[in-house]
Amino acid sequence: MILETLKLIKKNIALRCDKAARDISEIKIIAVSKNTGLNLINQAIDAGIVDLGENKAQELSEKFPLIDKNVNWHFLGHLQRNKVKQVVEIASLIHSVDSLRLAEEINKQAQKCGKIQKVLLEVKTSDEATKYGITEESELLEIASFCLNAPNIELTGLMTLAPFTDNEELIRKCFSDLRKLKTMLCENAITISELSMGMSHDYEIAIEEGATMIRLGTAIFGPRDYSKSWKEQ
Ligand SMILES: *Cc1c(COP(=O)(O)O)cnc(C)c1O
């Protein structure tokens, strides 16, 4: 089932890439496995998924030892500073850095683990999508500069969420705003390459606007059932 679904998604991605004159190899699919059970996750891995995304520190820690295959774990959710250690021990990329204090804590914990933690800065490009994310360009520059100089952080890009709406222009504007911020940082000698944007309902638009990572949950695994925990799925 998941194999077939993924084939369709990849076909869709290829179509959009053609339209946008992009190469399909530029786009990484992150399978968002939050509230999803091990059976489906393993099916996705068998179908070729190597990147998994979680949004809760505890769920990430619980699942990590149960998936014995070589996968990259992505942390996508709001991260509290007291959970940083737990996440840094596992995550290959943290998508949701939205404050200087959080970046400082990540640098500190990464130093303790002897690792260089890759991060993205989360930008709030709309009023409705989420309450988290950096809103001011000056703050973005400040946190990015800190990351650039922090010995145990590697800043690789930016992340955003578009509002959940049918208004394509509104979604497109969020994504193009993020792309412009990447250009702005590059002009300030902060070279980044990744744009993590696009979810199940808007990834096609994100690809047209330059996404390099799309985060797909429902499109791969089907609707999430929050009446049960992931352990019961
Ligand atoms: C849940 C989640 C996704 C995936 O959402 P779908 O609509 O199921 O594809 C992507 N990004 C973040 C940050 C999420 O929390």
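Here the structure is a predicted model, which is why all the values come from computation and not from measurement.

Peer 1: Please clarify how the environment of Lys-228 should be interpreted in this entry.
Peer 2: Relative to the assigned elements, Lys-228 resides in the segment after α9 (218–221). Distance from Lys-228 to Asn-35, taken between C-alpha atoms, is 8.3 Å for residues 193 residues apart in sequence. When sequence neighbours within four positions are dropped, the list of residues in contact with Lys-228 reads Asn-35 and Gln-233.

Peer 1: What am I meant to see in the nonpolar core here?
Peer 2: One broad rule of soluble globular proteins: the nonpolar side chains tend to lie buried together. Within the largest apolar cluster, 65 residues are counted, with the highest numbers of intra-cluster contacts made by Ile-94, Ile-106, Leu-121, Leu-158 and Ile-220. With 5 residues, the next largest nonpolar core counts Leu-93, Leu-120, Met-159 and Met-213 among its residues.

Peer 1: I keep staring at the pattern of salt bridges and nothing clicks. Help me out?
Peer 2: As a working rule, side chains carrying opposite charge can pair if their charged atoms are close by. Applying the stated criterion across every chain yields a total of 15 salt bridges. Between Glu-208 and Lys-19 there is a salt bridge, and its shortest N-O distance comes to 3.1 Å. Here Lys-19 lies in helix α1 (residues 2–19) and Glu-208 lies in helix α8 (residues 203–208), a separation of 189 residues in the sequence. A residue is classified by how much of its surface remains accessible, and Glu-208, at 19% relative accessible area, is buried. In this structure, Arg-22 and Glu-26 form a salt bridge, with 3.0 Å as the shortest nitrogen-oxygen distance.

Peer 1: Which parts of the structure should I look at to understand α1?
Peer 2: Structurally, the α-helix is built with 3.6 residues per turn, so residues lying three or four positions apart point the same way. In this model α1 runs 26 Å from its N-terminal to its C-terminal C-alpha over 18 residues, within 8% of the 26 Å that 1.5 Å per residue would give. By the burial criterion, the buried members of α1 are Ile-2, Thr-5, Leu-6, Ile-9, Ile-13 and Cys-17. Down the axis of α1, the buried side of the element spans an arc of 115°, and every buried residue falls inside it. Of the exposed residues in α1, the ones pointing more than 90 degrees away from its buried face are Lys-7, Leu-8, Lys-11, Leu-15, Asp-18 and Lys-19. Where the residues of α1 are buried, they touch β1 (28–32), α2 (38–46), α8, β8 (213–216) and α9. Ala-21 sits one or two positions beyond α1 and adopts a positive phi of about 55°.

Peer 1: Mind showing me how you'd approach unusual backbone geometry here?
Peer 2: One non-glycine residue, Asn-35, adopts positive backbone phi at about 55°. You can see Asn-35 is positioned in the loop between β1 and α2.

Peer 1: When you look at the site of the ligand in this model, what are you seeing that I'm missing?
Peer 2: In the vicinity of the ligand, the residues found are Val-32, Lys-34, Leu-76, Met-199, Ser-200, Arg-215, Leu-216, Gly-217, Thr-218 and Arg-224. Within the contact set of the ligand, an oxygen atom lies 2.7 Å away from a side-chain nitrogen or oxygen of Lys-34. Interatomic distance of 2.5 Å between a side-chain N/O atom of Thr-218 and an oxygen atom of the ligand. Within the shell around the ligand, the residues separate by chemical class into 4 nonpolar, 3 polar and 3 charged.

Peer 1: When you look at the pairing of strand β6 (residues 153–159) in this model, what are you seeing that I'm missing?
Peer 2: If a strand is regular, its side chains alternate between the two faces of the sheet. With respect to burial, β6 is a largely interior element, 6 of its 7 residues being buried. Sheet topology note: the strand β5 (residues 117–122)/β6 ladder contains 6 bridges and is parallel. Pairing of Val-119 across the sheet is with Leu-155, part of β6. Once you follow β5 into helix α6 (residues 137–149) and on to β6, the crossover reads as right-handed.

Each value, and the rule that gives it
Throughout this description, residue numbers start from 1 for each chain and increase along the sequence as written. Local features in this predicted model are restricted to residues of pLDDT 70 or higher, and side-chain atom pairs are both shown and tallied only at a pLDDT of 80 or more, whereas totals for entire chains, interfaces and linings draw on every residue. For side-chain calculations, the full set of non-hydrogen atoms in the structure is used, while hydrogens and water are omitted. Helix and strand assignments follow DSSP, with helices taken as H or I runs no shorter than four residues and strands as E runs no shorter than two, numbered in order from the N terminus. By the convention used here, residues are in contact when the closest approach between their heavy atoms is within 4.5 Å. By convention a nonpolar core is built from buried Ala, Val, Leu, Ile, Met, Phe, Trp, Tyr and Cys residues, the set being connected through side-chain atoms within 4.5 Å. Type-normalised accessible area, obtained with a 1.4 Å probe on protein chains alone, sets the label of each residue: buried when under 20%, exposed when over 50%, and partly exposed for intermediate values. For this analysis, a salt bridge means a side-chain nitrogen from Lys or Arg found within 4 Å of a carboxyl oxygen belonging to Asp or Glu. Expected span of a helix: the number of residues minus one, times 1.5 Å. The arc under discussion is defined with respect to the helix axis, by the directions toward the C-beta atoms. Put simply, a residue is near a molecule or strand once any heavy atom of it comes within 4 Å of that molecule or strand. Identification of polar contacts relies on pairs of N or O atoms within 3.5 Å, with a donor-acceptor requirement for protein atoms, meaning one able to donate a hydrogen and the other able to accept it, and with residues adjacent in sequence counted only if both atoms are side-chain atoms. By the convention adopted, Pro, Cys, Tyr, Trp, Phe, Met, Ile, Leu, Val and Ala count as nonpolar, Lys, Arg, Asp and Glu as charged, and the other residues, Gly among them, as polar. The rule for pairing is simple: two strands pair if DSSP sees at least two bridges between them. Note on handedness: a crossover is taken as right-handed if, strands pointing away from the viewer, the path from the first strand over the helix to the second is clockwise.

Any link to function would need more than the numbers given here.
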